[in-house]
Amino acid sequence: MSERLVPYSCPYCADEDLRPHGETHGTWECRSCLRAFSLKFLGHLAPTDTTTASPQEGRNAR
């Protein structure tokens, strides 16, 4: 895949009227709420085994 993906909607107002903002890759502006934001791919998460640990395990353990 050579094309870069674009966001489908604004993370603030959910409108779809988005345009690239400036020259920097990953920066977008929403023409509906007039906000500018950036998106950045951080990487892949390691797979976890959700069958053995509960979501609360490790939080506020007593």
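The structure contained in this document is the topic of the report that follows. (Residues numbered from 1 in each chain as written. Predicted model: local features only at pLDDT ≥ 70, side-chain atom pairs only at ≥ 80, totals over all residues. Heavy atoms only, no water.)

**A look at the pattern of salt bridges**
Link 1 in the chain: The full count for this structure, using the stated rule, is two salt bridges.
Link 2 in the chain: Its salt-bridge partner being Arg19, residue Asp17 comes within 3.7 Å of it at the nearest N-O pair.
Link 3 in the chain: Relative accessible area serves as the criterion here: at 31%, Asp17 is assigned to the partly exposed category.
Link 4 in the chain: By relative accessible area, which is 43% here, Arg19 ends up partly exposed.
Link 5 in the chain: Of the charged contacts, one joins Glu29 and Arg31 as a salt bridge, the two residues approaching to 3.2 Å between their closest N and O atoms. (Salt bridge = Lys/Arg side-chain N within 4 Å of Asp/Glu carboxyl O. Buried < 20%, exposed > 50% of the residue type's maximum accessible area, 1.4 Å probe, protein only.)

**Section: the environment of Phe41**
Link 1 in the chain: Mapped onto the elements, Phe41 comes out in the segment after strand 3 (35–38).
Link 2 in the chain: Along the primary structure Phe41 and Gly26 are separated by 15 residues, whereas in three dimensions their C-alpha atoms are 9.2 Å apart. (Helix = DSSP H or I, 4+ residues; strand = E, 2+ residues; numbered from the N terminus.)

**Thoughts on the side chain of Thr27**
Link 1 in the chain: Within the element layout of this structure, Thr27 appears in strand 2 (residues 27–30).
Link 2 in the chain: Only 2.3 Å separates the side chain of Thr27 from the backbone oxygen of His21, close enough to count as a polar contact.
Link 3 in the chain: A polar atom in the side chain of Thr27 sits 2.8 Å from the backbone oxygen of Thr24.
Link 4 in the chain: Ignoring anything within four residues of it in the chain, the contact list for Thr27 reads Arg19, Pro20, His21, Phe37 and Ser38. (Polar contact = N/O pair within 3.5 Å; in protein donor to acceptor, adjacent residues only side chain to side chain. Contact = heavy atoms within 4.5 Å.)

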